Amino acid sequence: MISMTVVAFVTAAMICVMSAFSGIEMLVQQLFSNFDAPLTIVPVEGKSFADSLIVDSKFQEIQGVASYSRIIEEDAWLQYSDYNSVATIKGVPLDYGNHSTIDSMMYFGNFMLQKDSFNYAVLGLGVYSELRLPRPENDPPILLINAPIRGKKLSRYKENAFNRANIMVSGAFSVNAELDVKYLFVPLNFARELFAMEDRITSVELSLVEGANEEEVKKQLESFLPKELKVETRYDRNALVYKTNASEKWFTFLILLFILGIACFNIIASLTMLIIEKKKDIRLLESLGATRPMIDRIFIYEGIFINTLGALIGAVVGLGLCYAQQTFGLVTMQGAMVEYYPVLVKPLDVVGIIITVLLLGSVFSLALVGRLMKRFAWQ
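Residues numbered from 1 in each chain as written. Predicted model: local features only at pLDDT ≥ 70, side-chain atom pairs only at ≥ 80, totals over all residues. Heavy atoms only, no water.

J.: Can you lay out the overall build of the chain for me, pointing to particular residues and giving the numbers?
T.: Looking only at helices and strands, the chain features 13 helices and 13 strands. Against the globule reference of 21 Å for 379 residues, the chain gives a C-alpha radius of gyration of 31 Å, more extended than a compact globule. The C-alpha extent of the chain, read off along each of the three principal axes, is 100 × 45 × 45 Å. Evaluated residue by residue, the chain yields a buried proportion of 45% over its 379 residues. Across the chain, the fraction of contacts at a sequence separation of at least 24, relative to all contacts at a separation of at least 6, is 76%. Between the centroid of the 34 positive side chains of the chain and the centroid of its 39 negative side chains there is a distance of 11 Å. (Helix = DSSP H or I, 4+ residues; strand = E, 2+ residues; numbered from the N terminus. Rg over C-alpha atoms; globule rule 2.2 N^0.38 Å. Buried < 20%, exposed > 50% of the residue type's maximum accessible area, 1.4 Å probe, protein only. Contact = heavy atoms within 4.5 Å. Lys, Arg positive; Asp, Glu negative; His and termini not counted. Charge placed at Lys NZ, Arg CZ, Asp CG, Glu CD.)

Structure, rendered in C-alpha coordinates:
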(Lines give C-alpha, C1' and ligand atoms only; values in the text may rest on other atoms or scores of the structure.)
Protein backbone atom coordinates (compact mmCIF):
# COMPACT_ATOMS: atom_id res chain seq x y z
CA MET A 1 0.00 0.00 0.00
CA ILE A 2 2.82 2.39 0.92
CA SER A 3 4.70 1.52 -2.28
CA MET A 4 1.63 2.22 -4.41
CA THR A 5 1.11 5.54 -2.60
CA VAL A 6 4.70 6.61 -3.26
CA VAL A 7 4.40 5.78 -6.99
CA ALA A 8 1.08 7.65 -7.16
CA PHE A 9 2.57 10.69 -5.43
CA VAL A 10 5.60 10.83 -7.74
CA THR A 11 3.43 10.37 -10.85
CA ALA A 12 1.09 13.16 -9.75
CA ALA A 13 4.08 15.39 -9.02
CA MET A 14 5.56 14.72 -12.47
CA ILE A 15 2.30 15.62 -14.21
CA CYS A 16 1.84 18.80 -12.14
CA VAL A 17 5.44 19.97 -12.63
CA MET A 18 5.49 19.28 -16.38
CA SER A 19 2.13 21.03 -16.78
CA ALA A 20 3.39 24.01 -14.77
CA PHE A 21 6.44 24.41 -17.02
CA SER A 22 4.22 24.07 -20.09
CA GLY A 23 1.99 26.78 -18.62
CA ILE A 24 4.98 29.10 -18.19
CA GLU A 25 6.05 28.38 -21.77
CA MET A 26 2.53 29.22 -22.98
CA LEU A 27 2.56 32.46 -20.96
CA VAL A 28 5.94 33.47 -22.41
CA GLN A 29 4.69 32.77 -25.93
CA GLN A 30 1.58 34.89 -25.33
CA LEU A 31 3.56 37.79 -23.89
CA PHE A 32 6.15 37.91 -26.66
CA SER A 33 3.63 37.16 -29.43
CA ASN A 34 1.74 40.33 -28.47
CA PHE A 35 4.88 42.42 -28.90
CA ASP A 36 7.12 40.66 -31.43
CA ALA A 37 6.12 40.24 -35.06
CA PRO A 38 5.76 36.64 -36.35
CA LEU A 39 8.73 37.18 -38.70
CA THR A 40 11.48 39.80 -38.64
CA ILE A 41 14.16 40.55 -41.23
CA VAL A 42 17.44 41.56 -39.61
CA PRO A 43 21.05 41.99 -40.78
CA VAL A 44 23.39 39.00 -40.55
CA GLU A 45 26.12 41.29 -39.22
CA GLY A 46 25.88 44.67 -37.55
CA LYS A 47 22.82 46.52 -36.29
CA SER A 48 21.49 48.17 -39.45
CA PHE A 49 21.34 47.75 -43.22
CA ALA A 50 20.61 49.81 -46.31
CA ASP A 51 16.93 50.52 -46.88
CA SER A 52 17.46 49.80 -50.59
CA LEU A 53 17.98 46.08 -49.85
CA ILE A 54 14.23 45.80 -49.20
CA VAL A 55 12.28 45.54 -52.46
CA ASP A 56 8.61 46.24 -51.72
CA SER A 57 7.26 44.47 -54.80
CA LYS A 58 8.78 41.17 -53.65
CA PHE A 59 6.68 41.11 -50.47
CA GLN A 60 3.48 41.48 -52.49
CA GLU A 61 4.31 38.26 -54.35
CA ILE A 62 4.55 36.16 -51.18
CA GLN A 63 1.39 34.41 -50.02
CA GLY A 64 0.78 34.71 -46.30
CA VAL A 65 2.27 38.18 -45.75
CA ALA A 66 -0.41 40.60 -44.55
CA SER A 67 1.80 43.67 -44.02
CA TYR A 68 5.37 44.74 -43.32
CA SER A 69 6.93 47.66 -41.47
CA ARG A 70 10.39 49.18 -41.61
CA ILE A 71 11.82 49.59 -38.11
CA ILE A 72 14.63 51.55 -36.48
CA GLU A 73 15.75 50.46 -33.01
CA GLU A 74 18.47 52.36 -31.15
CA ASP A 75 19.24 53.17 -27.52
CA ALA A 76 18.86 56.73 -26.25
CA TRP A 77 19.06 58.78 -23.09
CA LEU A 78 15.70 60.19 -21.94
CA GLN A 79 15.15 63.23 -19.75
CA TYR A 80 12.10 64.72 -18.07
CA SER A 81 12.57 67.42 -15.44
CA ASP A 82 15.23 66.03 -13.05
CA TYR A 83 14.64 62.39 -13.98
CA ASN A 84 16.65 60.29 -16.44
CA SER A 85 16.35 56.91 -18.08
CA VAL A 86 18.02 54.90 -20.83
CA ALA A 87 15.68 53.04 -23.18
CA THR A 88 15.41 51.61 -26.68
CA ILE A 89 13.74 53.87 -29.21
CA LYS A 90 11.59 51.91 -31.66
CA GLY A 91 10.79 53.97 -34.72
CA VAL A 92 7.73 52.59 -36.53
CA PRO A 93 5.40 53.71 -39.36
CA LEU A 94 2.41 55.85 -38.39
CA ASP A 95 0.01 53.00 -39.23
CA TYR A 96 1.92 50.50 -37.08
CA GLY A 97 -1.02 50.14 -34.72
CA ASN A 98 -3.16 48.80 -37.57
CA HIS A 99 -0.73 45.93 -38.25
CA SER A 100 0.09 44.90 -34.68
CA THR A 101 -1.62 44.20 -31.35
CA ILE A 102 -0.01 47.17 -29.59
CA ASP A 103 -3.42 48.82 -29.12
CA SER A 104 -4.50 45.96 -26.87
CA MET A 105 -1.44 46.53 -24.65
CA MET A 106 -2.11 50.19 -23.86
CA TYR A 107 -2.13 50.80 -20.11
CA PHE A 108 -3.45 54.35 -20.47
CA GLY A 109 -3.65 56.96 -23.22
CA ASN A 110 -3.72 56.12 -26.93
CA PHE A 111 -1.25 54.60 -29.34
CA MET A 112 -0.90 57.84 -31.27
CA LEU A 113 2.37 58.73 -33.01
CA GLN A 114 1.36 61.89 -34.84
CA LYS A 115 -1.39 64.49 -34.65
CA ASP A 116 -1.62 67.81 -36.49
CA SER A 117 1.96 67.30 -37.73
CA PHE A 118 3.20 66.98 -34.13
CA ASN A 119 5.12 63.84 -33.20
CA TYR A 120 4.20 61.74 -30.17
CA ALA A 121 5.86 58.90 -28.26
CA VAL A 122 4.30 55.89 -26.53
CA LEU A 123 6.38 54.63 -23.59
CA GLY A 124 6.62 51.34 -21.78
CA LEU A 125 5.02 51.60 -18.34
CA GLY A 126 8.38 50.98 -16.63
CA VAL A 127 10.07 53.80 -18.56
CA TYR A 128 7.09 56.07 -17.84
CA SER A 129 7.40 55.36 -14.12
CA GLU A 130 11.18 55.90 -14.04
CA LEU A 131 10.79 59.36 -15.56
CA ARG A 132 7.89 60.22 -13.19
CA LEU A 133 5.86 61.54 -16.09
CA PRO A 134 2.35 62.88 -15.42
CA ARG A 135 -0.54 61.28 -17.26
CA PRO A 136 -1.28 62.91 -20.64
CA GLU A 137 -4.86 63.83 -19.83
CA ASN A 138 -4.94 67.53 -20.66
CA ASP A 139 -1.45 68.72 -21.57
CA PRO A 140 0.80 65.90 -22.79
CA PRO A 141 4.23 65.87 -21.09
CA ILE A 142 7.21 66.74 -23.28
CA LEU A 143 10.13 64.33 -23.25
CA LEU A 144 13.72 65.18 -24.23
CA ILE A 145 15.49 62.43 -26.17
CA ASN A 146 19.30 62.44 -26.42
CA ALA A 147 20.62 60.18 -29.19
CA PRO A 148 24.38 59.50 -29.33
CA ILE A 149 26.08 60.67 -32.54
CA ARG A 150 28.21 57.99 -34.18
CA GLY A 151 31.91 58.68 -34.02
CA LYS A 152 31.69 61.26 -31.23
CA LYS A 153 33.02 60.11 -27.87
CA LEU A 154 31.18 61.33 -24.80
CA SER A 155 34.44 61.88 -22.90
CA ARG A 156 35.65 64.33 -25.54
CA TYR A 157 32.55 66.01 -26.95
CA LYS A 158 30.37 65.79 -23.80
CA GLU A 159 26.97 67.38 -24.52
CA ASN A 160 27.84 67.82 -28.20
CA ALA A 161 28.02 64.04 -28.56
CA PHE A 162 24.20 63.87 -28.73
CA ASN A 163 21.43 64.74 -31.14
CA ARG A 164 18.53 66.18 -29.15
CA ALA A 165 14.83 66.30 -29.89
CA ASN A 166 11.68 67.00 -27.89
CA ILE A 167 8.60 64.85 -28.32
CA MET A 168 5.19 64.78 -26.63
CA VAL A 169 3.94 61.64 -24.88
CA SER A 170 0.53 60.19 -25.73
CA GLY A 171 0.36 57.13 -23.48
CA ALA A 172 1.97 54.05 -21.95
CA PHE A 173 1.79 50.35 -22.84
CA SER A 174 2.39 47.30 -20.67
CA VAL A 175 3.50 43.86 -21.89
CA ASN A 176 5.81 42.43 -19.24
CA ALA A 177 8.38 43.66 -16.73
CA GLU A 178 11.29 43.20 -19.16
CA LEU A 179 9.79 45.06 -22.12
CA ASP A 180 8.03 47.75 -20.08
CA VAL A 181 11.36 49.16 -18.88
CA LYS A 182 13.04 48.86 -22.27
CA TYR A 183 10.98 50.32 -25.12
CA LEU A 184 9.25 53.45 -26.35
CA PHE A 185 7.64 53.94 -29.76
CA VAL A 186 8.18 57.01 -31.94
CA PRO A 187 7.37 57.79 -35.61
CA LEU A 188 9.83 56.24 -38.07
CA ASN A 189 10.73 59.57 -39.71
CA PHE A 190 11.41 61.10 -36.29
CA ALA A 191 13.78 58.22 -35.52
CA ARG A 192 15.52 58.62 -38.90
CA GLU A 193 16.34 62.25 -38.15
CA LEU A 194 17.23 61.60 -34.52
CA PHE A 195 19.73 58.84 -35.31
CA ALA A 196 20.83 60.21 -38.70
CA MET A 197 19.61 57.05 -40.48
CA GLU A 198 17.85 58.59 -43.50
CA ASP A 199 18.71 55.64 -45.77
CA ARG A 200 19.12 52.82 -43.23
CA ILE A 201 16.90 50.67 -41.01
CA THR A 202 17.55 48.03 -38.35
CA SER A 203 14.80 45.52 -39.24
CA VAL A 204 11.57 44.81 -41.12
CA GLU A 205 8.66 43.31 -39.19
CA LEU A 206 6.12 41.16 -41.06
CA SER A 207 2.55 40.41 -40.03
CA LEU A 208 1.06 37.23 -41.48
CA VAL A 209 -2.38 36.30 -42.73
CA GLU A 210 -4.31 34.25 -40.18
CA GLY A 211 -3.52 30.58 -40.64
CA ALA A 212 -0.31 31.21 -42.62
CA ASN A 213 2.60 28.86 -41.93
CA GLU A 214 5.55 30.79 -40.51
CA GLU A 215 8.17 28.36 -41.75
CA GLU A 216 6.81 28.34 -45.29
CA VAL A 217 6.70 32.14 -45.45
CA LYS A 218 10.22 32.26 -43.98
CA LYS A 219 11.52 29.98 -46.77
CA GLN A 220 9.90 32.16 -49.43
CA LEU A 221 11.50 35.27 -47.94
CA GLU A 222 14.91 33.66 -47.75
CA SER A 223 14.68 32.72 -51.42
CA PHE A 224 14.91 36.34 -52.61
CA LEU A 225 16.57 38.23 -49.73
CA PRO A 226 20.25 39.18 -50.21
CA LYS A 227 22.85 37.25 -48.24
CA GLU A 228 23.35 40.24 -45.93
CA LEU A 229 19.89 39.66 -44.41
CA LYS A 230 18.22 36.82 -42.53
CA VAL A 231 14.71 36.01 -41.29
CA GLU A 232 13.97 35.32 -37.63
CA THR A 233 10.83 33.91 -36.01
CA ARG A 234 9.59 34.85 -32.55
CA TYR A 235 11.34 31.74 -31.24
CA ASP A 236 14.65 32.80 -32.84
CA ARG A 237 14.45 36.27 -31.29
CA ASN A 238 13.71 34.90 -27.81
CA ALA A 239 15.55 31.58 -28.09
CA LEU A 240 17.31 31.98 -24.72
CA VAL A 241 14.00 32.32 -22.84
CA TYR A 242 12.49 29.24 -24.50
CA LYS A 243 15.65 27.13 -24.17
CA THR A 244 16.05 28.04 -20.50
CA ASN A 245 12.46 27.06 -19.75
CA ALA A 246 12.85 23.77 -21.67
CA SER A 247 16.11 22.96 -19.87
CA GLU A 248 14.56 23.59 -16.46
CA LYS A 249 11.54 21.49 -17.43
CA TRP A 250 13.55 18.40 -18.41
CA PHE A 251 16.08 18.79 -15.60
CA THR A 252 13.20 18.77 -13.10
CA PHE A 253 11.74 15.75 -14.91
CA LEU A 254 15.04 13.86 -14.46
CA ILE A 255 15.06 14.66 -10.74
CA LEU A 256 11.52 13.31 -10.38
CA LEU A 257 12.53 10.28 -12.45
CA PHE A 258 15.30 9.61 -9.95
CA ILE A 259 12.76 9.83 -7.12
CA LEU A 260 10.56 7.40 -9.07
CA GLY A 261 13.50 4.98 -9.16
CA ILE A 262 13.67 5.16 -5.36
CA ALA A 263 9.91 4.47 -5.26
CA CYS A 264 10.48 1.37 -7.40
CA PHE A 265 13.01 0.11 -4.87
CA ASN A 266 10.25 0.61 -2.31
CA ILE A 267 8.09 -1.75 -4.38
CA ILE A 268 10.91 -4.32 -4.40
CA ALA A 269 11.21 -4.00 -0.62
CA SER A 270 7.46 -4.66 -0.30
CA LEU A 271 7.74 -7.71 -2.56
CA THR A 272 10.67 -9.00 -0.49
CA MET A 273 8.56 -8.87 2.67
CA LEU A 274 5.69 -10.53 0.80
CA ILE A 275 7.95 -13.36 -0.43
CA ILE A 276 9.25 -14.01 3.09
CA GLU A 277 5.69 -13.88 4.46
CA LYS A 278 4.32 -16.29 1.83
CA LYS A 279 7.22 -18.75 1.92
CA LYS A 280 4.98 -21.59 3.19
CA ASP A 281 2.36 -20.83 0.54
CA ILE A 282 5.07 -20.89 -2.13
CA ARG A 283 6.16 -24.38 -0.98
CA LEU A 284 2.53 -25.51 -1.02
CA LEU A 285 2.04 -24.28 -4.61
CA GLU A 286 5.24 -26.05 -5.62
CA SER A 287 4.02 -29.32 -4.06
CA LEU A 288 0.73 -28.99 -5.98
CA GLY A 289 2.66 -28.92 -9.27
CA ALA A 290 3.34 -25.24 -9.87
CA THR A 291 6.71 -24.67 -11.50
CA ARG A 292 9.20 -22.17 -10.13
CA PRO A 293 8.96 -19.87 -13.21
CA MET A 294 5.17 -19.88 -12.78
CA ILE A 295 5.45 -18.85 -9.13
CA ASP A 296 8.06 -16.23 -10.04
CA ARG A 297 5.61 -14.70 -12.50
CA ILE A 298 2.98 -14.34 -9.75
CA PHE A 299 5.25 -11.98 -7.81
CA ILE A 300 6.45 -10.23 -10.97
CA TYR A 301 2.82 -9.50 -11.89
CA GLU A 302 2.23 -8.38 -8.30
CA GLY A 303 5.01 -5.78 -8.63
CA ILE A 304 3.75 -4.62 -12.03
CA PHE A 305 0.19 -4.39 -10.66
CA ILE A 306 1.28 -2.24 -7.70
CA ASN A 307 3.22 0.05 -10.03
CA THR A 308 0.41 0.28 -12.61
CA LEU A 309 -2.27 1.03 -10.03
CA GLY A 310 -0.05 3.67 -8.43
CA ALA A 311 0.62 5.27 -11.84
CA LEU A 312 -3.09 5.41 -12.72
CA ILE A 313 -4.08 6.83 -9.33
CA GLY A 314 -1.25 9.39 -9.59
CA ALA A 315 -2.35 10.38 -13.08
CA VAL A 316 -5.91 10.98 -11.88
CA VAL A 317 -4.70 13.00 -8.88
CA GLY A 318 -2.24 15.01 -10.99
CA LEU A 319 -4.80 15.82 -13.66
CA GLY A 320 -7.31 16.71 -10.96
CA LEU A 321 -4.88 19.17 -9.35
CA CYS A 322 -4.10 20.74 -12.73
CA TYR A 323 -7.82 21.10 -13.48
CA ALA A 324 -8.41 22.67 -10.05
CA GLN A 325 -5.57 25.15 -10.67
CA GLN A 326 -6.96 26.07 -14.10
CA THR A 327 -10.51 26.42 -12.78
CA PHE A 328 -10.11 27.83 -9.26
CA GLY A 329 -6.55 29.21 -9.20
CA LEU A 330 -5.32 27.40 -6.09
CA VAL A 331 -1.79 28.85 -6.39
CA THR A 332 -1.74 32.63 -6.86
CA MET A 333 1.06 34.88 -8.16
CA GLN A 334 1.01 38.19 -6.33
CA GLY A 335 2.49 41.12 -8.18
CA ALA A 336 2.96 39.09 -11.37
CA MET A 337 1.60 39.55 -14.88
CA VAL A 338 -1.08 36.91 -14.27
CA GLU A 339 -3.23 36.38 -11.21
CA TYR A 340 -2.80 32.61 -10.99
CA TYR A 341 0.09 30.28 -11.76
CA PRO A 342 -0.35 29.16 -15.39
CA VAL A 343 -0.89 25.45 -16.04
CA LEU A 344 -1.18 23.71 -19.40
CA VAL A 345 -1.79 19.96 -19.58
CA LYS A 346 -0.26 18.43 -22.71
CA PRO A 347 -1.70 14.97 -23.52
CA LEU A 348 1.64 13.77 -24.91
CA ASP A 349 3.40 14.74 -21.68
CA VAL A 350 0.84 12.83 -19.59
CA VAL A 351 1.05 9.74 -21.82
CA GLY A 352 4.86 9.91 -21.76
CA ILE A 353 4.92 10.13 -17.96
CA ILE A 354 2.56 7.17 -17.52
CA ILE A 355 4.53 5.05 -19.99
CA THR A 356 7.80 5.99 -18.24
CA VAL A 357 6.40 5.01 -14.84
CA LEU A 358 5.03 1.71 -16.17
CA LEU A 359 8.25 0.81 -17.98
CA LEU A 360 10.48 1.64 -15.02
CA GLY A 361 8.30 -0.35 -12.61
CA SER A 362 8.12 -3.33 -14.99
CA VAL A 363 11.89 -3.34 -15.54
CA PHE A 364 12.52 -3.34 -11.79
CA SER A 365 10.04 -6.18 -11.25
CA LEU A 366 11.37 -8.33 -14.10
CA ALA A 367 15.01 -7.76 -13.19
CA LEU A 368 14.87 -8.19 -9.42
CA VAL A 369 11.97 -10.48 -8.46
CA GLY A 370 13.74 -13.58 -9.83
CA ARG A 371 16.78 -12.86 -7.67
CA LEU A 372 14.61 -12.25 -4.63
CA MET A 373 12.85 -15.58 -5.14
CA LYS A 374 16.18 -17.44 -5.39
CA ARG A 375 17.41 -15.82 -2.20
CA PHE A 376 14.33 -15.94 0.01
CA ALA A 377 12.04 -18.64 -1.40
CA TRP A 378 14.10 -21.35 -3.05
CA GLN A 379 16.83 -21.73 -0.40
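J.: Account for the environment of Tyr301, naming residues and giving values.
T.: Looking at the secondary structure, you find Tyr301 in helix α12 (residues 292-328). For Tyr301, a relative accessible area of 52% corresponds to the exposed category.

J.: Describe the layout of surface pockets, and please don't skip the residues or the numbers.
T.: Estimated volume of the largest pocket: approximately 520 Å³. If you go around the largest pocket, you meet 23 residues; those closest to its centre are Val42, Glu73, Lys182, Tyr183 and Arg237. When residues of the lining of the largest pocket are traced back to their parent elements, those giving at least two are α1 (2-35), β1 (39-43), β3 (65-80), β4 (83-92), α6 (177-180) and β12 (203-208). Per-element tally for the lining of the largest pocket: the top contributor is β3, with three residues. Residues of the lining of the largest pocket, tallied by class, amount to eight nonpolar, five polar and ten charged. Its boundaries defined by the atoms lining it, the second largest pocket holds a volume of some 220 Å³. Taken together, 17 residues make up the lining of the second largest pocket; nearest its centre are Ala37, His99, Ser100, Thr101 and Ser207. Residue assignment for the lining of the second largest pocket shows that the elements contributing at least two residues are α1, α3 (96-99) and β12. Sorting elements by how many residues they give to the lining of the second largest pocket places α1 first, with three residues. (1 Å grid on protein atoms, 1.4 Å probe; cavity = no way out; pocket = protein on both sides within 12 Å on 5 of 7 lines; lining within 4 Å. Points joined across faces, edges and corners; volume = space filled by probe spheres on them. Nonpolar A, V, L, I, M, F, W, Y, C, P; charged D, E, K, R; others polar.)

J.: Account for the environment of Ser270, naming residues and giving values.
T.: Topologically, Ser270 is positioned in helix α10 (residues 239-277). Given the relative accessible area of 30%, Ser270 is considered partly exposed. Separated by 268 residues in the primary sequence, Ser270 and Ile2 have C-alpha atoms spaced 8.5 Å apart.

J.: Can you lay out the nonpolar core for me, pointing to particular residues and giving the numbers?
T.: A general trend in soluble globular proteins is that nonpolar side chains are found buried together. Core analysis: the biggest nonpolar cluster contains 44 residues, and Leu123, Ile145 and Leu184 have the highest contact counts within it. Setting aside chain neighbours within four positions, we find Leu184 in contact with Leu78, Ala87, Thr88, Ile89, Lys90, Ala121, Val122, Leu123, Gly124, Leu143 and Ile145. With 33 residues, the next largest nonpolar core counts Met4, Ile295, Ala315 and Ile354 among its residues. (Core = buried A, V, L, I, M, F, W, Y, C linked by side-chain atoms within 4.5 Å.)

J.: Please give an account of the environment of Asn98 that cites residues and values.
T.: Along the chain, Asn98 falls in helix α3. Relative accessible area serves as the criterion here: at 64%, Asn98 is assigned to the exposed category. Taking the C-alpha atoms as reference points, Asn98 and Ile142, 44 residues apart in sequence, are found 25 Å from one another.

J.: Outline the pattern of salt bridges, supporting the account with residue identities and numerical values.
T.: By the definition in use, this model includes twelve salt bridges. One salt bridge in this structure joins Arg234 and Glu214, with 3.9 Å as the shortest N-O distance. Placement of Arg234 in helix α9 (residues 234-237) and of Glu214 in helix α8 (residues 214-224) is noted, with a sequence separation of 20 residues between them. Measuring nitrogen to oxygen at the nearest pair gives 3.3 Å for the salt bridge that ties Asp349 to Lys249. Taken together, the positions of Asp349 in helix α13 (residues 347-376) and Lys249 in helix α10 put the pair 100 residues apart, joining distant regions of the chain. Residue classification places Lys249 among the buried positions, given a relative accessible area of 6%. Shared partners join several salt bridges into a network, and the residues in it are Asp51, Asp56, Arg70 and Arg192. (Salt bridge = Lys/Arg side-chain N within 4 Å of Asp/Glu carboxyl O.)

J.: So what's going on with the packing of α10 against α12? Which residues, and what values?
T.: Where α10 meets α12, the axes come as close as 10 Å, and the angle between the chain directions of the two elements is 140°. Compared by their axis directions, α10 and α12 come out oblique. Crossing hand, α10 versus α12: right-handed. Residues Cys264, Ile267, Leu271, Leu274 and Ile275 of α10 form the contact with α12, whose own contacting residues are Phe299, Glu302, Gly303, Ile306 and Asn307. Of the residues assigned to the contact of α10 with α12, the class counts are seven nonpolar, two polar and one charged. (Axes fitted to C-alpha atoms, helices over the stretch in contact; angles between N-to-C directions. Parallel < 35°, antiparallel > 145°, perpendicular 65-115°, else oblique. Left-handed = near helix turned anticlockwise from the far one by under 90°.)

J.: Describe the side chain of Gln325, and please don't skip the residues or the numbers.
T.: Turning to its location among the elements, Gln325 is positioned in helix α12. By relative accessible area, which is 7% here, Gln325 ends up buried. Non-local contacts of Gln325, meaning those with residues more than four positions away in its chain, are made with Leu330, Val331, Tyr340, Tyr341 and Val343.

J.: Tell me what's going on with the state of the cysteines, and back it up with residues and numbers.
T.: Using the criterion set out here, one finds zero disulfides in the structure. Free of any disulfide, Cys16 has its nearest neighbouring cysteine sulfur in Cys322, separated by 4.3 Å. (Disulfide = S-S within 2.5 Å.)

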